[in-house]
Amino acid sequence: MTELLTGSQILCRVLREQGIDLLFGYPGGAIMPFYHALPEYPELRHVLVRHEQAAAHAADGYARASGRPGVCVATSGPGATNLVTGLATAHMDNTPVVAITGQVSRAMLGRDAFQETDIIGITQPITKHSILVEEVDELADAVREAIAVATEGRPGPVLVDVPKDVQTGKAEWGAGRGDAGAQGRRGAPFCDAATLRPSAAASDLDHAARLITAAERPLIMAGHGVILAEAYEELRQLAERTGIPVITTLLGISAFPESHPLHLGMPGMHGEVHVNRAIQQADLIIGVGLRFDDRVTGNLAAFARGARVIHLELDPSEVGKNVPVAVGLVGDARALLGALLQRVDRRECGAWRAEIASYVRPRPESYRGDLSPEAILRAIEEETGGRCTIVSDVGQHQMWVAKLYRYQRPNSHITSGGLGTMGFAVPAAMGVALARPDEPVWAISGDGGFQMNMQEIATMVQEGIPVKMAVFNNGYLGMVRQWQQFFHGRRYSATPIWSPDYVRLAEAYGIPGRRVETGAEVEDAVREALERPGPALVEFQIEQEANVFPMIPPGASLSEPIEAEPGRLVPA
Amino acid sequence: MSAGAQAVSVLIEDRMITLTRAVGLLRRRNYPVRSFAVGPTATPGLARLTIMIQSDPSTAERAVQHLQKMIGVREASALPAGGAVACEVALVKVRAPGSRYGELLDVLQLYRASVVDDSADAVIVEVSGSDAFVLSCLRALERFEILEVARSGAVALESGAGTGAASPNS
């Protein structure tokens, strides 16, 4: 039985067929036919954002929190170009985002028509794939393919560009080629989840197991791949069976419970001294679902020189890209960890763990004081009982959020790691909140990043999205200021930043707003924000020149941390 | 294949967007591309892209891994040095005075090159072979006046019955 539908109706119907029930978007000329059809499909909830960038970040946040594809919609030209930062963010952090953009009619393509941009060309290096739909009867399969590509293997964003006359054209629903058509167009199989490459499998796993057994100072480094594969249990079992301490990268945070005795902390540029020192002293590093990014390794030539590396990774092009590996195991983190678990002997790493414990340094003074980042994060942890998701922005607060909260539950920390997108937290938290309606979601930003996308408070109010927003206000673009202080002779060029009165801003949007100026108010303010229904805003006026310690200077090795204000002694 | 150049052979969907993506990937990842050539294959809808990368084999292998991830790429492999043939075509527009035409023909014979266009004021010479062979022919032609050169970039195939699909790289 076939039905004649418009392209727009097909678009809505195929989204439903693929299990999509939420869209973040913004209408405009070239996508109007789609928006005309949308009310016929009330099971597709549409969230009207205030800027298309927010639609992409919200779809990203939804995808990270739910494990399902996040969908954003924009019109051609400026609507589509506004998605770019969000797509690049999703691309760097491997999240399944599908962007649907309107495009000028086919007859106008290439003529510099009103609101025409080559969005396929623009987004080519920042999407996993993109499709220009040239015929209305190809539309359904294009969307099916987009969702399949976005979610399969190493996830990533996919863009579907739909000319206006394809949206208005008609085709028969049900006569499509179905999934087979989409499958046929895909190229070489790319890392089928849970499939080990036959040449890699048994002998390499055995080799890896032997290295693990023989190592005296082994470490596990867990990255985003553990979260994407939901390999929490396998990771924990491997650690417990072998006694190997676990490091979590920025995007690997919450892949392993932080109260666990084997949890070490975050490595890299702002990693704790004992974590980086352990890496430098290690004789074996088991990297799981990470790409050994430069923020993790510091100077590559001096990274873990005594360590052999076992790299468990879904994408074969990552193995050996930055760090030479002794064994590369290509496949899904969960499957690989499970296979390793079968092969490793039970052991302890007591002496090694005691040695690492002796590296631990007292927490630097910059965190202390009355209204410290530590106090704020402790209050959020205590007031929520740890039952919340924290979405951070980019900058100093991002590092504090990463380090000063004990993440116990899987995937409870969400941030823009690879691209480092300021302005991410507020819109991404909207997506997270819609994916997790049963728990509080905190968007924590600095005063800089918050002002990049604070317009989305209006979206939260209109759509009833209860994001709790915390602004760490130090009057500076703090991380840049810190670099200026350390490496640019304290020349604070363009880093002092004025903020509006956030309490009155909240008032203007009709949401609770509170300014916190002393440590004594912190807990009460956090509690109040949690108790009031709907979105809420809390501004914390923190120490203006607080720094993130320790810090590995850019280009230096992990063995050269700055541990205190230049010229001051490390606190005893 | 000239020293240090690795041939990467890629079967792609014969569409502009796929070609743009493949070339864009090589640019973005900063591969030292010396030439590329693209043309149809025996299978309708599939084109072969041959890329010469001036690098060591491991760089070529990494390029293959990145290309293999692209939608629209059916197959990509780094051809084994010594186990593949590569050749290219050059068209060379040469001006030789009538008095030296015989000398020009001698050079062409040496390189199995032929005159494909013979105008009053210049000839166009076609020569094909390995990169080194074509370069050597160009050098030999320099004793005349070379007006213009068009080179196709190398195409390459693995020796033997292997078709790339069975190579350890794919």
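Everything numeric here is computed off the predicted structure, so don't read it as measured data.

Caption draft 1: Inspection of the overall build of chain B at higher detail. Per the secondary structure count, chain B includes four helices and nine strands. Listing every helix and strand of chain B by position from the N terminus yields β-α-β-β-α-β-β-α-β-β-α-β-β. Seen along its three principal axes, the alpha-carbon backbone of chain B occupies a region of about 55 × 30 × 30 Å. Looking at chain B residue by residue over its 170 residues, the buried ones come to 33%. Partitioning the contacts of chain B with sequence separation of at least 6, the portion at a separation of at least 24 is 72%.

Caption draft 2: Summary view of the overall build of chain A. Across its full length, chain A carries 24 helices and 20 strands. For 572 residues, the compact-globule estimate of 2.2 N^0.38 gives 25 Å, and chain A sits close to it at 24 Å. Projected onto the principal axes, the alpha-carbon positions of chain A cover approximately 75 × 65 × 40 Å. For chain A, the residues scored as buried account for 56% of the 572 residues in total. Of the contacts formed within chain A by residues at least 6 apart in sequence, a portion of 77% connects residues at least 24 apart.

Caption draft 3: Geometry of the domain arrangement of chain B. We note that the domain assignment places domain 1 (5-84) and domain 2 (85-151) within chain B. Here domain 1 of chain B and domain 2 of chain B have C-alpha centroids that lie 29 Å from each other.

Caption draft 4: Focus on the confidence of the model for chain B. All names here are of chain B. Across chain B, the average pLDDT comes to 91, with 94% of residues at or above 70. Low confidence marks residues 166-170, where pLDDT is under 50. Its contacts with residues over four positions away, or in another chain, come to 13 contacts. For this predicted complex, the interface score ipTM comes out at 0.83, while the overall pTM is 0.92.

Caption draft 5: Highlighting the interface of chain A and chain B. Facing 11 residues of chain A, the contacting portion of chain B comprises 16 residues. The residue inventory of the side of chain A that touches chain B, partitioned by class, reads six nonpolar, four polar and one charged.

Caption draft 6: Inspection of the sheet that holds strand 2 (residues 22-25) of chain A at higher detail. Residues and elements named next belong to chain A. The strand order across the open sheet formed by six strands is 3-2-4-5-7-6, and the pairing between neighbours is parallel. Strands with a single pairing partner mark the edges of an open sheet, and in this sheet they are strand 3 (45-48) and strand 6 (129-132). Along the sheet, successive strands turn relative to each other by an average axial angle of 20°, direction set aside. Sheet topology note: the strand 2/strand 4 (residues 70-74) ladder contains three bridges and is parallel. Of the residues in strand 4, the one forming a bridge with G25 is V73. Running over the sheet, helix 3 (residues 52-66) touches strand 2, strand 3, strand 4 and strand 5 (97-103) and is turned about 170° from strand 4. Sitting on the sheet, helix 7 (residues 139-151) touches strand 5, strand 6 and strand 7 (158-163), and the angle it makes with strand 7 is about 165°.

Caption draft 7: Spatial organisation of the pairing of strand 7 of chain A. Residues and elements named next belong to chain A. Most of strand 7 sits inside the fold, with six of its six residues counted as buried. Residues V158, V160 and V162 point to one face of strand 7 and L159, D161 and P163 to the other, with burial holding for every one of them. In the sheet, strand 5 pairs with strand 7 via six bridges, with the strands oriented parallel. From the neighbouring strand, I100 faces strand 7, where its bridge partner is V160. Of the pairings in the sheet, the one linking strand 6 to strand 7 comprises four bridges and is parallel in character. Residue pairing across strands places I131 opposite V160, the latter belonging to strand 7.

Caption draft 8: Fine view of the packing of helix 1 (residues 7-17) of chain A against helix 7 of chain A. Residues and elements named next belong to chain A. Here helix 1 crosses helix 7 at 35°, and the two axes come no closer than 9 Å. The crossing of helix 1 and helix 7 is right-handed. Together, G7, I10, L11, V14 and L15 of helix 1 and L139, A140, V143 and R144 of helix 7 make up the contact between the two elements. Residues belonging to the contact of helix 1 with helix 7 are distributed by class as follows: seven nonpolar, one polar and one charged.

Caption draft 9: Quick peek at the nonpolar core. Among the nonpolar cores identified, the biggest contains 208 residues, and A55, C72, V160, L235, V288 and A429 of chain A are the most heavily contacted of them. Not counting the four nearest positions on each side in its chain, V288 of chain A is found in contact with I220, M221, A222, G223, G225, V226, L235, L312, A333 and L337 of chain A. If you look at the next biggest cluster of nonpolar residues, it comprises 13 residues, including V92, L108, V125 and V127 of chain B.

Caption draft 10: Examining the pairing of strand 6 of chain A more closely. On strand 6 of chain A, burial covers both faces: H129 and I131 of chain A on one face and S130 and L132 of chain A on the other are all buried. Assessed by its sense of winding, the connection that carries the chain from strand 6 of chain A through helix 7 of chain A to strand 7 of chain A is right-handed.

Caption draft 11: Structural context of the sheet that holds strand 10 (residues 246-248) of chain A. All names here are of chain A. Strands sit in the order 11-10-9-12-13-14 across an open sheet of six strands; the sheet is parallel. The sheet terminates laterally at strand 11 (263-265) and strand 14 (327-330), the two strands that pair on one side only. Strand-to-strand, the axes of this sheet are offset by a mean angle of 20°, without reference to chain direction. Note: strand 9 (residues 218-222) against strand 10, three bridges, orientation parallel.

Caption draft 12: Quick peek at the domain arrangement of chain A. Annotation of chain A at the domain level lists domain 1 (3-185), domain 2 (201-359) and domain 3 (365-541). Class assignment for the residues of the side of domain 2 of chain A that touches domain 3 of chain A results in eight nonpolar, three polar and one charged.

Caption draft 13: Local environment of unusual backbone geometry. A cis amide bond, omega -10°, links F549 of chain A with the succeeding residue P550 of chain A. You can see P550 of chain A is positioned in the segment after strand 20 (536-541). A positive phi angle, close to 60°, is found at A494 of chain A, a residue other than glycine. Position of A494 of chain A relative to the elements: it lies in the loop between helix 22 (478-487) and helix 23 (502-509). One non-glycine residue, R112 of chain B, lies in positive phi territory at about 50°.

Caption draft 14: View of the packing of helix 3 of chain A against helix 19 (residues 425-435) of chain A. All names here are of chain A. Where helix 3 contacts helix 19, the two axes come as close as 6 Å, and the packing angle between them is 40°. Compared by their axis directions, helix 3 and helix 19 come out oblique. Where helix 3 crosses over helix 19, the two elements pack in a sense that is right-handed. The segment helix 3 lies against helix 19, with A54, H57, A58, A59, D60, G61, Y62, A65 and S66 engaging P427, A428, A429, M430, G431, V432, L434 and A435.

Caption draft 15: Quick look at the environment of Q408 of chain A. Residues and elements named next belong to chain A. The residue Q408 is located in the loop between helix 18 (396-403) and strand 16 (413-414) in this model. Looking at Q408, the number of C-beta atoms within 10 Å reads 16, which means it is partly exposed. Between the C-alpha atoms of Q408 and H46, which are 362 residues apart in sequence, the distance is 32 Å. Not counting the four nearest positions on each side in its chain, Q408 is found in contact with P257, E258, S259 and G386.

Caption draft 16: Structural view of the confidence of the model for chain A. Looking at chain A, the pLDDT average stands at 93 and 93% of residues meet or exceed 70. Under a pLDDT of 50 for its full length, residues 178-199 of chain A has, in the predicted model, 37 contacts with residues more than four places off or in other chains.

Caption draft 17: Inspection of the environment of G153 of chain A at higher detail. All names here are of chain A. Assignment of secondary structure puts G153 in the loop between helix 7 and strand 7. Owing to 20 C-beta atoms within 10 Å, G153 belongs among the buried residues under this scheme. Remark: the alpha-carbon pair of G153 and G385, spanning 232 residues in sequence, is separated by 35 Å.

Each value, and the rule that gives it
Residues numbered from 1 in each chain as written. Chains lettered and ligands numbered in written order. Predicted model: local features only at pLDDT ≥ 70, side-chain atom pairs only at ≥ 80, totals over all residues. Helix = DSSP H or I, 4+ residues; strand = E, 2+ residues; numbered from the N terminus. Buried ≥ 20, exposed ≤ 12 C-beta atoms within 10 Å, placed from the backbone. Contact = placed C-beta atoms within 7 Å. Rg over C-alpha atoms; globule rule 2.2 N^0.38 Å. Domains from an automatic or database assignment. pLDDT = per-residue confidence, 0-100. Nonpolar A, V, L, I, M, F, W, Y, C, P; charged D, E, K, R; others polar. Pairing = 2+ DSSP bridges. Axes fitted to C-alpha atoms, helices over the stretch in contact; angles between N-to-C directions. Left-handed = near helix turned anticlockwise from the far one by under 90°. Core = buried A, V, L, I, M, F, W, Y, C linked by C-beta atoms within 7 Å. Right-handed = clockwise from strand over helix to strand, strands pointing away. Parallel < 35°, antiparallel > 145°, perpendicular 65-115°, else oblique.

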